[in-house]
Amino acid sequence: MTFHMNKAVVFAAALVCAATFLPTVQAQATGSGPTDPQIVGIVGTANRIDIDYGNLALSKAKNKEVRGFAQQMVRDHSTVQKSVDDLSAKLGVTPADSATSASLKAQAEQTTEKLKALHGKAFDKAYIDNEVAYHTAVIKEIRSVLIPDAQNAELKSALQGTVPLFQGHLEHAQNVQASLGASSHKSAY
Amino acid sequence: MFLGRLNLRSATLLVATPLLLAAFAGGATPPANAAKQVITQPSTLEKTAQTVHIVLMLMNTNTSQFIYKPETIVVKVGDIVEWKNKDIYQHTVTSIKGKVLDSGNIAPGKSWRYRTVKRGTFNYYCTLHPNMQGKLIVQ
(Lines give C-alpha, C1' and ligand atoms only; values in the text may rest on other atoms or scores of the structure.)
Protein backbone atom coordinates (compact mmCIF):
# COMPACT_ATOMS: atom_id res chain seq x y z
CA MET A 1 0.00 0.00 0.00
CA THR A 2 2.81 2.36 0.91
CA PHE A 3 4.56 1.51 -2.32
CA HIS A 4 1.40 2.21 -4.28
CA MET A 5 0.90 5.48 -2.51
CA ASN A 6 4.45 6.54 -3.24
CA LYS A 7 4.04 5.84 -6.92
CA ALA A 8 0.82 7.78 -6.93
CA VAL A 9 2.50 10.70 -5.20
CA VAL A 10 5.35 10.68 -7.73
CA PHE A 11 2.91 10.59 -10.62
CA ALA A 12 0.80 13.34 -9.08
CA ALA A 13 3.94 15.42 -8.58
CA ALA A 14 4.82 14.96 -12.25
CA LEU A 15 1.36 16.16 -13.21
CA VAL A 16 1.64 19.18 -10.94
CA CYS A 17 4.94 19.97 -12.67
CA ALA A 18 3.16 19.74 -15.99
CA ALA A 19 0.40 21.97 -14.67
CA THR A 20 2.80 24.64 -13.50
CA PHE A 21 5.16 24.37 -16.44
CA LEU A 22 3.48 26.81 -18.80
CA PRO A 23 3.49 30.05 -16.81
CA THR A 24 7.05 29.39 -15.58
CA VAL A 25 8.44 28.95 -19.06
CA GLN A 26 6.45 31.90 -20.31
CA ALA A 27 7.91 34.15 -17.65
CA GLN A 28 11.44 33.00 -18.37
CA ALA A 29 11.23 33.11 -22.11
CA THR A 30 10.12 36.65 -22.67
CA GLY A 31 10.23 39.88 -20.84
CA SER A 32 7.00 40.95 -22.46
CA GLY A 33 4.10 38.67 -23.30
CA PRO A 34 3.61 36.58 -26.43
CA THR A 35 2.64 38.25 -29.69
CA ASP A 36 -0.69 37.53 -31.35
CA PRO A 37 0.90 35.09 -33.86
CA GLN A 38 2.56 33.31 -30.92
CA ILE A 39 -0.75 33.21 -29.03
CA VAL A 40 -2.44 31.61 -32.03
CA GLY A 41 0.47 29.16 -32.21
CA ILE A 42 0.14 28.29 -28.51
CA VAL A 43 -3.61 27.69 -28.77
CA GLY A 44 -3.12 25.54 -31.87
CA THR A 45 -0.42 23.48 -30.16
CA ALA A 46 -2.52 23.04 -27.03
CA ASN A 47 -5.49 21.91 -29.13
CA ARG A 48 -3.48 19.42 -31.16
CA ILE A 49 -1.98 17.94 -28.01
CA ASP A 50 -5.38 17.27 -26.47
CA ILE A 51 -6.71 15.84 -29.74
CA ASP A 52 -3.70 13.49 -29.79
CA TYR A 53 -4.32 12.49 -26.17
CA GLY A 54 -7.96 11.85 -27.07
CA ASN A 55 -7.09 9.68 -30.05
CA LEU A 56 -4.60 7.74 -27.95
CA ALA A 57 -7.32 7.15 -25.36
CA LEU A 58 -9.74 5.97 -28.04
CA SER A 59 -7.17 3.42 -29.17
CA LYS A 60 -6.53 2.10 -25.65
CA ALA A 61 -9.40 2.81 -23.27
CA LYS A 62 -12.30 0.41 -22.71
CA ASN A 63 -14.21 2.32 -20.07
CA LYS A 64 -17.37 3.85 -21.55
CA GLU A 65 -17.10 7.16 -19.69
CA VAL A 66 -13.43 7.55 -20.55
CA ARG A 67 -14.10 6.82 -24.22
CA GLY A 68 -17.02 9.27 -24.24
CA PHE A 69 -14.83 11.94 -22.73
CA ALA A 70 -12.02 11.23 -25.23
CA GLN A 71 -14.46 11.46 -28.15
CA GLN A 72 -15.68 14.78 -26.82
CA MET A 73 -12.12 16.09 -26.52
CA VAL A 74 -11.31 15.15 -30.12
CA ARG A 75 -14.58 16.70 -31.32
CA ASP A 76 -14.56 19.90 -29.22
CA HIS A 77 -10.88 20.69 -29.67
CA SER A 78 -11.17 20.09 -33.41
CA THR A 79 -14.04 22.60 -33.42
CA VAL A 80 -11.95 25.08 -31.43
CA GLN A 81 -9.08 24.59 -33.84
CA LYS A 82 -11.29 25.26 -36.83
CA SER A 83 -12.45 28.50 -35.18
CA VAL A 84 -8.84 29.47 -34.52
CA ASP A 85 -7.83 28.64 -38.11
CA ASP A 86 -10.77 30.63 -39.50
CA LEU A 87 -9.99 33.62 -37.29
CA SER A 88 -6.27 33.46 -38.18
CA ALA A 89 -7.11 33.49 -41.87
CA LYS A 90 -9.51 36.38 -41.38
CA LEU A 91 -7.00 38.42 -39.42
CA GLY A 92 -4.08 37.44 -41.65
CA VAL A 93 -2.18 36.02 -38.67
CA THR A 94 0.30 33.21 -39.26
CA PRO A 95 0.79 31.03 -36.16
CA ALA A 96 4.29 31.42 -34.76
CA ASP A 97 6.37 29.18 -32.51
CA SER A 98 7.37 30.32 -29.06
CA ALA A 99 9.10 28.98 -25.97
CA THR A 100 5.68 28.15 -24.56
CA SER A 101 4.54 26.14 -27.58
CA ALA A 102 7.90 24.34 -27.63
CA SER A 103 7.65 23.42 -23.96
CA LEU A 104 4.07 22.29 -24.45
CA LYS A 105 5.21 19.91 -27.19
CA ALA A 106 8.14 18.59 -25.15
CA GLN A 107 5.94 17.99 -22.12
CA ALA A 108 3.29 16.31 -24.24
CA GLU A 109 5.84 13.92 -25.74
CA GLN A 110 6.90 12.82 -22.27
CA THR A 111 3.32 12.42 -21.09
CA THR A 112 2.39 10.48 -24.23
CA GLU A 113 5.24 8.04 -23.66
CA LYS A 114 4.07 7.47 -20.08
CA LEU A 115 0.49 6.94 -21.21
CA LYS A 116 1.49 4.54 -23.98
CA ALA A 117 3.20 2.30 -21.42
CA LEU A 118 0.03 1.95 -19.37
CA HIS A 119 -2.91 -0.37 -19.98
CA GLY A 120 -6.44 -1.03 -18.76
CA LYS A 121 -7.64 0.83 -15.70
CA ALA A 122 -4.18 2.25 -15.03
CA PHE A 123 -4.27 3.93 -18.43
CA ASP A 124 -7.84 5.20 -17.91
CA LYS A 125 -6.93 6.81 -14.61
CA ALA A 126 -3.63 8.28 -15.86
CA TYR A 127 -5.33 9.71 -18.95
CA ILE A 128 -8.12 11.34 -16.97
CA ASP A 129 -5.73 12.60 -14.27
CA ASN A 130 -3.62 14.17 -17.00
CA GLU A 131 -6.69 15.75 -18.59
CA VAL A 132 -7.60 17.35 -15.27
CA ALA A 133 -4.06 18.70 -14.86
CA TYR A 134 -3.74 19.72 -18.49
CA HIS A 135 -7.03 21.64 -18.62
CA THR A 136 -6.22 23.30 -15.30
CA ALA A 137 -2.89 24.47 -16.73
CA VAL A 138 -4.33 25.59 -20.05
CA ILE A 139 -7.16 27.56 -18.42
CA LYS A 140 -4.64 29.26 -16.15
CA GLU A 141 -2.44 30.11 -19.14
CA ILE A 142 -5.34 31.49 -21.16
CA ARG A 143 -6.64 33.61 -18.28
CA SER A 144 -3.38 34.90 -16.92
CA VAL A 145 -1.28 35.28 -20.08
CA LEU A 146 -3.02 34.84 -23.40
CA ILE A 147 -6.16 36.95 -22.80
CA PRO A 148 -4.31 39.87 -21.15
CA ASP A 149 -1.57 39.86 -23.81
CA ALA A 150 -3.75 39.46 -26.91
CA GLN A 151 -3.67 42.71 -28.87
CA ASN A 152 -6.40 42.05 -31.42
CA ALA A 153 -9.89 42.47 -29.94
CA GLU A 154 -11.36 39.55 -31.92
CA LEU A 155 -8.57 37.26 -30.82
CA LYS A 156 -9.03 38.36 -27.23
CA SER A 157 -12.77 37.70 -27.47
CA ALA A 158 -12.19 34.28 -29.05
CA LEU A 159 -9.81 33.37 -26.23
CA GLN A 160 -12.38 34.43 -23.66
CA GLY A 161 -14.86 32.18 -25.43
CA THR A 162 -12.65 29.14 -24.93
CA VAL A 163 -12.62 29.49 -21.13
CA PRO A 164 -16.14 28.14 -20.47
CA LEU A 165 -15.47 25.28 -22.88
CA PHE A 166 -12.24 24.27 -21.20
CA GLN A 167 -13.78 24.83 -17.76
CA GLY A 168 -16.58 22.48 -18.84
CA HIS A 169 -14.01 19.92 -19.98
CA LEU A 170 -12.23 20.23 -16.64
CA GLU A 171 -15.41 19.60 -14.67
CA HIS A 172 -16.38 16.70 -16.95
CA ALA A 173 -12.91 15.21 -16.46
CA GLN A 174 -13.23 15.62 -12.70
CA ASN A 175 -16.57 13.80 -12.77
CA VAL A 176 -15.04 10.92 -14.73
CA GLN A 177 -12.04 10.98 -12.39
CA ALA A 178 -14.36 10.65 -9.39
CA SER A 179 -16.23 7.73 -10.97
CA LEU A 180 -12.97 5.94 -11.74
CA GLY A 181 -11.71 6.52 -8.23
CA ALA A 182 -14.88 5.02 -6.80
CA SER A 183 -14.75 1.89 -8.93
CA SER A 184 -11.09 1.16 -9.53
CA HIS A 185 -9.05 2.44 -6.61
CA LYS A 186 -7.75 -1.01 -5.77
CA SER A 187 -6.15 -1.69 -9.13
CA ALA A 188 -4.93 1.78 -10.03
CA TYR A 189 -1.13 1.96 -9.79
CA MET B 1 -43.51 14.85 -36.52
CA PHE B 2 -44.51 17.99 -34.71
CA LEU B 3 -48.22 17.51 -35.29
CA GLY B 4 -47.98 13.78 -34.76
CA ARG B 5 -46.69 14.26 -31.25
CA LEU B 6 -49.32 16.79 -30.33
CA ASN B 7 -52.07 14.20 -30.72
CA LEU B 8 -55.29 15.62 -29.26
CA ARG B 9 -54.28 19.23 -29.55
CA SER B 10 -53.23 18.87 -33.15
CA ALA B 11 -56.61 17.29 -33.79
CA THR B 12 -58.25 20.40 -32.31
CA LEU B 13 -56.12 22.51 -34.61
CA LEU B 14 -57.14 20.52 -37.67
CA VAL B 15 -60.81 20.71 -36.76
CA ALA B 16 -60.61 24.42 -36.04
CA THR B 17 -59.08 25.33 -39.40
CA PRO B 18 -61.99 24.17 -41.64
CA LEU B 19 -64.43 25.91 -39.31
CA LEU B 20 -62.55 29.17 -39.67
CA LEU B 21 -62.34 28.80 -43.42
CA ALA B 22 -66.02 27.93 -43.66
CA ALA B 23 -66.98 30.94 -41.59
CA PHE B 24 -65.09 33.36 -43.81
CA ALA B 25 -65.66 31.67 -47.16
CA GLY B 26 -69.42 32.16 -47.09
CA GLY B 27 -69.22 35.91 -47.49
CA ALA B 28 -72.67 36.40 -46.00
CA THR B 29 -73.34 37.02 -42.35
CA PRO B 30 -72.64 33.75 -40.61
CA PRO B 31 -75.16 32.16 -38.27
CA ALA B 32 -74.86 33.14 -34.64
CA ASN B 33 -73.28 29.85 -33.56
CA ALA B 34 -70.69 30.05 -36.38
CA ALA B 35 -69.75 33.59 -35.36
CA LYS B 36 -69.19 32.35 -31.85
CA GLN B 37 -66.82 29.71 -33.15
CA VAL B 38 -64.86 32.29 -35.11
CA ILE B 39 -64.38 34.24 -31.92
CA THR B 40 -63.47 31.29 -29.75
CA GLN B 41 -61.29 29.30 -32.14
CA PRO B 42 -58.38 31.75 -32.31
CA SER B 43 -57.90 31.42 -28.57
CA THR B 44 -57.77 27.64 -29.01
CA LEU B 45 -55.13 28.04 -31.68
CA GLU B 46 -53.17 30.38 -29.47
CA LYS B 47 -53.30 27.91 -26.63
CA THR B 48 -52.08 25.12 -28.90
CA ALA B 49 -49.13 27.19 -30.08
CA GLN B 50 -48.10 27.98 -26.51
CA THR B 51 -47.66 24.36 -25.53
CA VAL B 52 -44.20 24.18 -27.07
CA HIS B 53 -41.59 26.02 -25.04
CA ILE B 54 -38.18 26.74 -26.50
CA VAL B 55 -34.94 26.67 -24.52
CA LEU B 56 -31.79 27.70 -26.38
CA MET B 57 -28.37 26.25 -25.68
CA LEU B 58 -25.61 28.71 -26.42
CA MET B 59 -22.66 30.63 -25.11
CA ASN B 60 -23.24 33.93 -23.37
CA THR B 61 -20.43 36.00 -24.83
CA ASN B 62 -20.80 38.67 -22.15
CA THR B 63 -20.16 36.31 -19.28
CA SER B 64 -18.27 33.67 -21.29
CA GLN B 65 -20.49 30.89 -20.02
CA PHE B 66 -22.48 28.12 -21.62
CA ILE B 67 -26.13 28.70 -20.79
CA TYR B 68 -29.62 27.36 -21.23
CA LYS B 69 -31.78 30.34 -22.16
CA PRO B 70 -34.01 30.79 -20.26
CA GLU B 71 -32.11 29.18 -17.42
CA THR B 72 -35.38 28.39 -15.61
CA ILE B 73 -38.53 27.54 -17.51
CA VAL B 74 -41.98 27.05 -15.99
CA VAL B 75 -44.48 24.92 -17.92
CA LYS B 76 -47.67 22.94 -17.38
CA VAL B 77 -48.02 19.17 -17.34
CA GLY B 78 -48.39 17.96 -20.92
CA ASP B 79 -46.50 20.88 -22.39
CA ILE B 80 -43.59 20.22 -24.70
CA VAL B 81 -40.17 21.71 -24.10
CA GLU B 82 -37.78 21.88 -27.01
CA TRP B 83 -34.10 22.47 -26.41
CA LYS B 84 -32.35 23.92 -29.46
CA ASN B 85 -28.59 23.74 -29.70
CA LYS B 86 -27.47 27.08 -31.10
CA ASP B 87 -23.85 26.52 -30.07
CA ILE B 88 -20.97 25.14 -32.13
CA TYR B 89 -20.40 22.37 -29.55
CA GLN B 90 -22.52 19.38 -28.61
CA HIS B 91 -24.52 19.62 -25.40
CA THR B 92 -26.92 17.46 -23.42
CA VAL B 93 -30.03 17.95 -21.28
CA THR B 94 -29.58 15.53 -18.41
CA SER B 95 -31.23 15.33 -14.99
CA ILE B 96 -28.82 16.01 -12.14
CA LYS B 97 -30.86 13.59 -9.99
CA GLY B 98 -32.95 10.80 -11.45
CA LYS B 99 -33.44 10.11 -15.14
CA VAL B 100 -36.39 12.25 -16.16
CA LEU B 101 -34.32 14.25 -18.64
CA ASP B 102 -31.80 12.29 -20.69
CA SER B 103 -31.29 13.73 -24.15
CA GLY B 104 -27.98 12.14 -25.05
CA ASN B 105 -25.67 14.29 -27.15
CA ILE B 106 -27.43 17.04 -29.11
CA ALA B 107 -25.35 18.09 -32.10
CA PRO B 108 -24.99 21.75 -33.10
CA GLY B 109 -28.10 22.91 -34.96
CA LYS B 110 -30.17 19.99 -33.65
CA SER B 111 -33.00 19.93 -31.11
CA TRP B 112 -34.40 17.60 -28.49
CA ARG B 113 -38.01 17.57 -27.33
CA TYR B 114 -39.51 16.38 -24.09
CA ARG B 115 -43.20 16.22 -23.21
CA THR B 116 -43.70 16.81 -19.50
CA VAL B 117 -45.64 14.10 -17.69
CA LYS B 118 -45.44 14.96 -14.01
CA ARG B 119 -45.24 17.98 -11.77
CA GLY B 120 -42.03 18.91 -10.06
CA THR B 121 -38.78 20.81 -10.28
CA PHE B 122 -36.16 19.16 -12.43
CA ASN B 123 -32.61 20.48 -12.27
CA TYR B 124 -30.55 19.49 -15.26
CA TYR B 125 -27.11 20.00 -16.72
CA CYS B 126 -24.91 19.23 -19.68
CA THR B 127 -22.86 16.12 -18.95
CA LEU B 128 -20.26 17.30 -21.47
CA HIS B 129 -19.88 20.70 -19.80
CA PRO B 130 -21.17 20.28 -16.22
CA ASN B 131 -20.85 24.01 -15.56
CA MET B 132 -23.88 24.47 -17.84
CA GLN B 133 -27.06 24.08 -15.77
CA GLY B 134 -30.77 24.80 -16.02
CA LYS B 135 -34.09 24.18 -14.29
CA LEU B 136 -37.42 22.87 -15.54
CA ILE B 137 -40.45 23.54 -13.34
CA VAL B 138 -43.60 21.62 -14.24
CA GLN B 139 -46.79 22.89 -12.59
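Residues numbered from 1 in each chain as written. Chains lettered and ligands numbered in written order. Predicted model: local features only at pLDDT ≥ 70, side-chain atom pairs only at ≥ 80, totals over all residues.

A. View of unusual backbone geometry. Note the cis peptide between B:Lys69 and B:Pro70, where omega equals 0 degrees. Considering the arrangement of structural elements, one finds B:Pro70 in the loop between β2 (65-69) and β3 (72-75). (Helix = DSSP H or I, 4+ residues; strand = E, 2+ residues; numbered from the N terminus.)

B. Summary view of the pairing of strand β1 (residues 52-60) of chain B. Residues and elements named next belong to chain B. Both β1 and strand β4 (residues 80-85) contribute to a ladder of 6 bridges, which runs parallel. What sits directly across from His 53, in β4, is Val 81. Joining the antiparallel neighbours β1 and β2 is a turn of 4 residues, in which Ser 64 adopts a positive phi near 55 degrees. (Pairing = 2+ DSSP bridges.)

C. Highlighting the sheet that holds β2(B). Residue and element names in this part refer to chain B. If you walk across this open sheet you meet the 4 strands as β2-β1-β4-β6, and the pairing is mixed. What marks the edges here is a single partner per strand, and that holds for β2 and β6 (111-115). When strand polarity is set aside, the average angle formed by the axes of neighbouring strands in this sheet is 15 degrees. Examined bridge by bridge, β4 and β6 share 5 bridges and lie antiparallel to one another. Bridge pairing in β6 places Trp 83 opposite Trp 112. (Axes fitted to C-alpha atoms, helices over the stretch in contact; angles between N-to-C directions.)

D. Representation of the nonpolar core within the structure. Ranked by internal contacts, the top residues of the largest apolar core, which has 39 residues, are A:Ile39, A:Val66, A:Tyr127 and A:Leu146. Of all the secondary structure elements, the ones that give two or more residues to this core are α2 (36-60), α3 (64-91), α4 (99-116), α5 (120-149) and α6 (153-184) of chain A. Looking at this core element by element, the count peaks at 11 residues for α5(A). The residues touching A:Ile39, leaving out its near neighbours within four places in the chain, are A:Pro34, A:Leu146, A:Asp149, A:Ala150 and A:Leu155. Among the nonpolar cores identified, the runner-up in size contains 18 residues, and B:Val81, B:Ile106, B:Phe122 and B:Leu128 belong to it. (Core = buried A, V, L, I, M, F, W, Y, C linked by C-beta atoms within 7 Å. Buried ≥ 20, exposed ≤ 12 C-beta atoms within 10 Å, placed from the backbone. Contact = placed C-beta atoms within 7 Å.)

E. Molecular detail of the pairing of strand β8 (residues 133-138) of chain B. Residues and elements named next belong to chain B. Here 4 bridges tie β3 to β8, and the two strands are oriented parallel to one another. Bridge pairing links Val 75 to Val 138 in β8. Both strand β7 (residues 120-125) and β8 contribute to a ladder of 6 bridges, which runs antiparallel. Residue pairing for β8: Asn 123 is matched across the bridge by Lys 135.

F. Here's a closer look at the environment of B:Lys99. Residue and element names in this part refer to chain B. Mapping Lys 99 onto the fold places it in the loop between β5 (94-95) and β6. A residue is classified by how many C-beta atoms lie within 10 Å of it, and Lys 99, with 7 of them, is exposed. Separated by 34 residues in the primary sequence, Lys 99 and Gln 133 place their C-alpha atoms 15 Å from one another.

G. Fine view of the sheet that holds β3(B). Pairing in this open sheet of 4 strands is mixed, and the strands run β3-β8-β7-β5 (chain B) from one edge to the other. Each edge of the sheet is formed by a strand with only one pairing partner; in this case those strands are β3 and β5 of chain B.

H. Focus on the confidence of the model for chain A. Residue and element names in this part refer to chain A. The pLDDT averaged across chain A works out to 84; a share of 79% of its residues lies at or above 70. Segment residues 1-30: pLDDT under 50, and 31 contacts once partners within four positions in sequence are set aside and those in other chains are kept. Contacts of residues 184-189 to residues separated by more than four positions or lying in other chains number 10 contacts, the stretch itself having pLDDT below 50. (pLDDT = per-residue confidence, 0-100.)

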